[in-house]
Amino acid sequence: MPRPDQRWSLFLDVDGCLLEFADDPAAVRVSPALRALLQSLHDQLGGALALVSGRGVKDLDRLFDTPRWALGGLHGYELRYGDGRQRELAVDPGDQARMRAAVQALAARLDGVQLEDKQHAMALHCRRAPDRLPALREAAEAVAAGLSGYELQPGNLVMEFKPVGMDKGRAVDELMSLPPFAGRTPVYLGDDLTDEHAFEAVNQAGGASVRVGQREPTRARFTLSSPAAVQAWLERVRDALGHGQDLAQGVSIDADNGGGHRKP
């Protein structure tokens, strides 16, 4: 919990962290209660709250009703700052076209695999057929080896093709260098391999990295069990910020990884 002498900034992954996974990513919905909680945290933190997701910014707007929060989409390829300014990295159109054609062809020949088209990135999910993951990984690695400008990002029952060199850690570093995040203690919550870069970024900045779930290995120093636990913890943070309570006494130790992880 934030101490009275601390100023936090919150960076939150979405799927598997704030929200439970769904077989179809487009079927996920955000409850009014969760959106209100995030808005309250944003206000109490002076705007220092950001969603950092593999989803695109347009999809985050759809889910969260076009919030005025900072948004990192496609693992940071897209970034919308808290003041509304946006930036998007350049990708060679030829590289993108070749990636799209190759991934669409791969999806067409793999049973049990669902294609998620993010325009500048593409993901292949096998949530409906988890046993297909080894075959999906092998085929995706073979396709990625023949592409330029794109790299493969493994995730939870997903293989994603994204622009080379961009990850959530770089996105968090960029936001931490700018108001209202600059000078604050960063706290990052995420569940997947894609969040490990961000864990490392906040660790190096002296912040708190929180893994959601039990995936191992991880660079995270704290753990929460599920999206439901994340929401309950964020409610405590909101109350601590709102009432100036020192809730450090509520910290409990989790003996995971030889005592290396703690439950916030």
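Shown above is the structure to which this text applies.
Residues numbered from 1 in each chain as written. Predicted model: local features only at pLDDT ≥ 70, side-chain atom pairs only at ≥ 80, totals over all residues. Heavy atoms only, no water.

### Some thoughts on the overall build of the chain
Note the cut-off: Every helix listed is a DSSP run of H or I at least four residues long, and every strand listed is a run of E at least two residues long, numbered separately from the N terminus. Burial classes follow relative accessibility: with a 1.4 Å probe on protein chains only, a residue under 20% of its type's maximum area counts as buried, one over 50% as exposed, and anything between as partly exposed. Only heavy atoms matter for contacts: two residues are in contact if any of them lie within 4.5 Å across the pair.
Per the secondary structure count, the chain includes eight helices and 14 strands. Dimensions of the chain, computed from the C-alpha atoms along their principal axes, are close to 55 × 40 × 35 Å. Relative to its full complement of 264 residues, the chain shows a buried share of 53%. By sequence separation, contacts in the chain at least 24 residues apart represent 55% of the contacts at least 6 residues apart.

### Here's the deal with the packing of helix α1 (residues 32-44) against helix α7 (residues 227-243)
This is how it is decided: Between N-to-C directions, angles cover 0 to 180 degrees, with each direction set by a line fitted to C-alpha atoms, over the stretch in contact for helices. The crossing is said to be left-handed when, going from far helix to near helix, the turn is anticlockwise and less than a right angle, and right-handed when the turn is clockwise. Throughout this entry, Asp, Glu, Lys and Arg are counted as charged residues, while Ala, Val, Leu, Ile, Met, Phe, Trp, Tyr, Cys and Pro are counted as nonpolar. The remaining residues, Gly among them, count as polar.
Running from N to C, α1 and α7 point in directions that differ by 35°, and their axes come no closer than 10 Å. As for the relative orientation of α1 and α7, their crossing is left-handed in sense. In this structure, α1 uses L34, L37, L38, S40, L41 and Q44 to contact α7, whose residues at the interface are Q231, L234, E235, V237, R238, L241 and G242. When grouped by side-chain class, the residues that make up the contact of α1 with α7 number seven nonpolar, four polar and two charged.

### Notes on the packing of helix α5 (residues 168-176) against helix α6 (residues 196-204)
The geometry of α5 relative to α6 is characterised by a closest axis approach of 6 Å and an angle of 35° between their N-to-C directions. Counting all contacts with α5, which are made through K168, G169, V172, D173 and M176, the residues of α6 involved are H197, A198, A201 and V202. In terms of residue class, the contact of α5 with α6 is made up of five nonpolar, two polar and two charged.

### Focus on the environment of L193
Topologically, L193 is positioned in the loop between β10 (185-190) and α6. Expressed as a C-alpha distance, the spacing of L193 and N156, which sit 37 residues apart in the sequence, is 7.7 Å. Each residue touching L193, except ones within four places of it in the same chain, is listed here: Q153, P154 and R215.

### Focus on the pattern of salt bridges
For clarity, the cut-off: Each salt bridge in this description consists of a side-chain nitrogen of Lys or Arg and a carboxyl oxygen of Asp or Glu lying within 4 Å of one another.
Here the structure, examined in full by the defined rule, presents 17 salt bridges. A salt bridge links R87 to E174, with the shortest nitrogen-to-oxygen separation between them at 2.9 Å. Here the residue R87 occupies a position in strand β5 (residues 86-88), and E174 occupies one in helix α5, the gap between them amounting to 87 residues. Taking relative accessible area as the criterion, R87 reaches 17% and is therefore assigned buried. By relative accessible area, which is 24% here, E174 ends up partly exposed. Three or more residues are tied together by salt bridges with common partners; here these are D15, R55, D59 and R62.

### As for the environment of S177
Note the cut-off: Polar contact is the term for a pair of N or O atoms within 3.5 Å; when the atoms are in protein, one must be able to donate a hydrogen and the other to accept it, and sequence-neighboring residues count only if both atoms are side-chain atoms.
Turning to its location among the elements, S177 is positioned in the loop between α5 and β10. A distance of 2.6 Å separates a polar side-chain atom of S177 from the backbone oxygen of E174.

### Considering α5
Every α-helix winds through 3.6 residues per turn, so residues three or four apart in the chain are directed the same way. Short version of the rule: Relevant arc is that of directions from the helix axis to the C-beta atoms, nothing else.
For α5, every residue scored as buried is listed here: K168, G169, A171, V172, L175 and M176. Take α5 and look down its axis: the buried residues cluster within an arc of 160°, on one side only. The backbone nitrogen of G169 lies 2.9 Å from a side-chain oxygen of the residue at the head of α5, namely D167.

### Some thoughts on the packing of aromatic side chains
To keep things clear, this is the line we draw: Side-chain rings of Phe, Tyr and Trp, where Trp is taken by its six-membered ring, are said to pair if the distance between their centres is within 6.5 Å; with planes under 30 degrees apart they count as stacked, over 60 as edge-to-face, and otherwise as tilted. Look at NZ for Lys and CZ for Arg. If either is within 6 Å of the ring centre and within 35 degrees of the ring normal, a charge sits over the ring.
Across all of its chains, the model carries four aromatic pairs by this definition. Measuring from ring centre to ring centre gives 5.7 Å for Y188 and F199, while their planes differ by 80°; the resulting arrangement is edge-to-face. Note that Y188 is positioned in strand β10 and F199 in helix α6, a separation of 11 residues in sequence. The exposure class assigned to Y188 is buried, which follows from its relative accessible area of 0%. Across from the ring centre of F21, 3.9 Å away, lies the NZ or CZ of R127, which sits over that ring.

### Comments concerning the sheet that holds strand β6 (residues 114-117)
This is how it is decided: Pairs of strands are assigned from DSSP output, requiring at least two bridges between the strands.
Taken in spatial order, the four strands line up as β6-β7-β9-β8 in an open sheet, and their pairing is antiparallel. Here the strands that pair on one side only, and so sit at the sheet edges, are β6 and β8 (150-155). Shown here is a sheet whose adjacent strand axes are inclined to one another by a mean of 20°, direction ignored. In the sheet, β6 pairs with strand β7 (residues 122-125) via four bridges, with the strands oriented antiparallel. Paired with Q114 across the bridge in β7 is H125. Here helix α3 (residues 93-109) sits on the sheet in contact with β6, β7, β8 and β9 (158-163), set at roughly 15° to β7.

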